Amino acid sequence: MRLRGCWRTCFLLALHLVAASAQGEVFEEDLTLRPLRDGKLEARFSFTTLLKGATPRDPQSLERDDEAQHYTLFPLALGQLLREHAVTELHLTLNAGKWNYDHWGHPDEPGVGTGAELWVWMGDSVPTSVDQRWQGLRHSLAGLFCASLGHLDEQRTTSPTLTFQPEGSLPNFTHPHQLRHATLPSEHVCTENLTPFLKLLPCKSLSGIAHLLNPHKVFDADWHGLGVHVRYRERLGVEVRLAFQAVFDPVRYSQNKRRDWSLRSVFDRSIERACPVARSSKVQVELPHETTYTISPGPTDVVDNVATYTINSGHEALDIAMQWPEESSFEYPDTSKATPLTDISVRRNLKGTGQADARLTLELTNNLPIQVSTGYLETMPWHLQFYLHTLRAHVDGAPRDDLVNILSYTPPVPHSRPALLQAVLTLPPRATLHLTMDVSKPFLRYTEHPPDAQRGWDLPPAVFVPFAYGELGTRETIPNNDTSVSGEMHGRSASRGHRRPRRMYTPVLLVDLATPDFSMPYNVIIMSCTLIALIFGSIFNLLTRRFAIVRVDAPEAQEHEAKDTTSAVSAANKKAS
């Protein structure tokens, strides 16, 4: 009894120590479920940790030893990495699949470009430059998340400050901040990336909402991706937000071809218990506009057509389910006639049959009855070189070069730097803008080709940021009594409460470069081995064999000698017997 009481006292003391050390750290988690109009289900996991009172490390202090950092809920591995390289703001995303903006709308997490994308804001310094710390940061993140981020070298690094604005506050350091951005569209996300991602959470995947992240289910989704976002919030501290986003197809899982779903059917798990260190843990379900659905169990609260479930420590296992009882089977809508859910629609292609030249084409459709201005970012490796003087713009077959305003262009440097094009495009109401530009495909060294050279090269996506609406260029200039305009604006983006301009990513492109005949080295090796075998074999026979002269007599003499030999052998046998 005395031993049991001692253990109980030690356990309570440990809890008090953890609670006391975690007073400066806050952890919150939430899950947002949104049924889509094509029968699919979008799920967004968000895990936010706030380190109160903390500030990013000043790059000028890299020459000295850093102050001791004690973390309880804040991820230690990530915190050490941020302090080591003096990173103010960091955004890393790993995605697989193509996000369908027209039918799914804007995602909750804007960084949905295919592959890996990394962009950071860091203060400049004298002892260690930004490029040196950028290189070390890439390799550190590659080891932390088991990804090929080390390939984001200077041949893929740019500084598009007009498109990637800081999402947090930038401290007033001695030297200004600089942006570094790089993409790797050929990178894939899988279980080896999810495992270190979950290890950064206080409760891992043992409890809380993270328990739903079943690798066998989330990586079977139509689209999935994870992200790590770090920003500095002035007067609050440093915030780390880990996000996982996926789009599931319940119809594909259902035997009756229905769009009914539940946590158990989608993730093969339910929320068994809450994370004990989470200050807030909730699940939000955006309710569809139809009135024929049912949702169970009953939500804790419903506000603005959003059902909220609060997960407490004493809560039973939660398995949310939504059903459409009047539907015998789900019928997919005709997507060709459906109205796009975004303000603009983008199509990007690379046309051409030759291996030396091609043409880059863009089709931007304004879905609103007002003018829209959007930023346009094109980051292209030096493997594809622009002919900027061939850039042409057309609307309904008429040339409209006045709708394109090029802000900056950085030409590529072979084997050193990619091309960077930043422009502002003006889209007339209910019109489609066609952009064309000729490009050239250079010849690469045979050592620069990837192992699957015949497949081609993945080109990073283009990024569009609609930022101004109407003639005066702001959303506030739209009159409230104009129902034709404000109704569509609120139906697409304003209804979800996003004020910051949101990025739109195009799908990646696949370019076929001139590929040498990689079978020639094999043929040379075979021919060389054959010649060496013939020459070596002939010389080896001449050096090791012994040659003797053999006389060949007449046939009669040979027959007589054979008879004499036979008789001599028989006589010897009789004598021996």
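See the structure above.
Residues numbered from 1 in each chain as written. Predicted model: local features only at pLDDT ≥ 70, side-chain atom pairs only at ≥ 80, totals over all residues. Heavy atoms only, no water.

Draft legend 1. Focus on the sheet that holds strand S9 (residues 261–262). The strand order across the open sheet built from 3 strands is S9-S14-S11, with neighbouring strands paired in antiparallel fashion. Where the open sheet ends on each side, the last strands, each with one partner, are S9 and strand S11 (294–296). (Pairing = 2+ DSSP bridges. Helix = DSSP H or I, 4+ residues; strand = E, 2+ residues; numbered from the N terminus.)

Draft legend 2. Structural view of the state of the cysteines. Considering all chains together, one arrives at 1 disulfide under this definition. Paired through a disulfide, cysteine 203 and cysteine 275 show a sulfur-sulfur distance of 1.9 Å. Between cysteine 203 and cysteine 275, the S-S dihedral sits near 70 degrees, and the bridge is therefore right-handed. Residue cysteine 203 is located in the loop between helix H5 (191–199) and helix H6 (215–218), and its partner cysteine 275 is located in the loop between helix H8 (263–267) and strand S10 (280–286); the two are separated by 72 residues in the primary sequence. With a relative accessible area of 4%, cysteine 275 lands in the buried category. Between cysteine 146, a cysteine without a disulfide, and cysteine 190, which holds the nearest cysteine sulfur, the sulfur-to-sulfur distance is 8.8 Å. Note on cysteine 190: relative accessible area 30%, which makes it partly exposed. (Disulfide = S-S within 2.5 Å. Buried < 20%, exposed > 50% of the residue type's maximum accessible area, 1.4 Å probe, protein only.)

Draft legend 3. Here's a closer look at unusual backbone geometry. For the bond running from serine 296 to proline 297, omega is -10 degrees, close enough to zero to count as cis. Counting through the fold element by element, proline 297 comes out in the loop between S11 and strand S12 (301–303). Even without being glycine, arginine 235 reaches a positive phi, approximately 70 degrees. Mapping arginine 235 onto the fold places it in the loop between strand S7 (223–233) and strand S8 (237–248). Overall, the relative accessible area of 81% leaves arginine 235 in the exposed class.

Draft legend 4. Structural detail: the sheet that holds strand S6 (residues 177–184). The strand order across the open sheet built from 11 strands is S5-S6-S4-S3-S7-S8-S2-S1-S10-S13-S12, with neighbouring strands paired in mixed fashion. Unpaired on one side and paired on the other, strand S5 (157–158) and S12 mark the two borders of the sheet. In the sheet, strand S2 (residues 41–52) pairs with S8 via 12 bridges, with the strands oriented antiparallel. Of the residues in S8, the one forming a bridge with serine 46 is alanine 243. On the sheet, helix H4 (residues 130–145) packs against strand S3 (87–96), strand S4 (115–123), S5, S6 and S7 and is oriented at approximately 140 degrees with respect to S4. (Contact = heavy atoms within 4.5 Å. Axes fitted to C-alpha atoms, helices over the stretch in contact; angles between N-to-C directions.)

Draft legend 5. Structural detail: the pattern of salt bridges. Using the criterion set out here, one finds 22 salt bridges in the structure. With a closest N to O distance of 2.3 Å, glutamate 42 and arginine 34 form a salt bridge. Notably, a salt bridge pairs aspartate 131 with arginine 180, separated by 2.9 Å at the nearest N-O pair. Here the residue aspartate 131 occupies a position in helix H4, and arginine 180 occupies one in strand S6, the gap between them amounting to 49 residues. In this structure arginine 180 comes out as buried when scored by relative accessible area, which is 11%. (Salt bridge = Lys/Arg side-chain N within 4 Å of Asp/Glu carboxyl O.)

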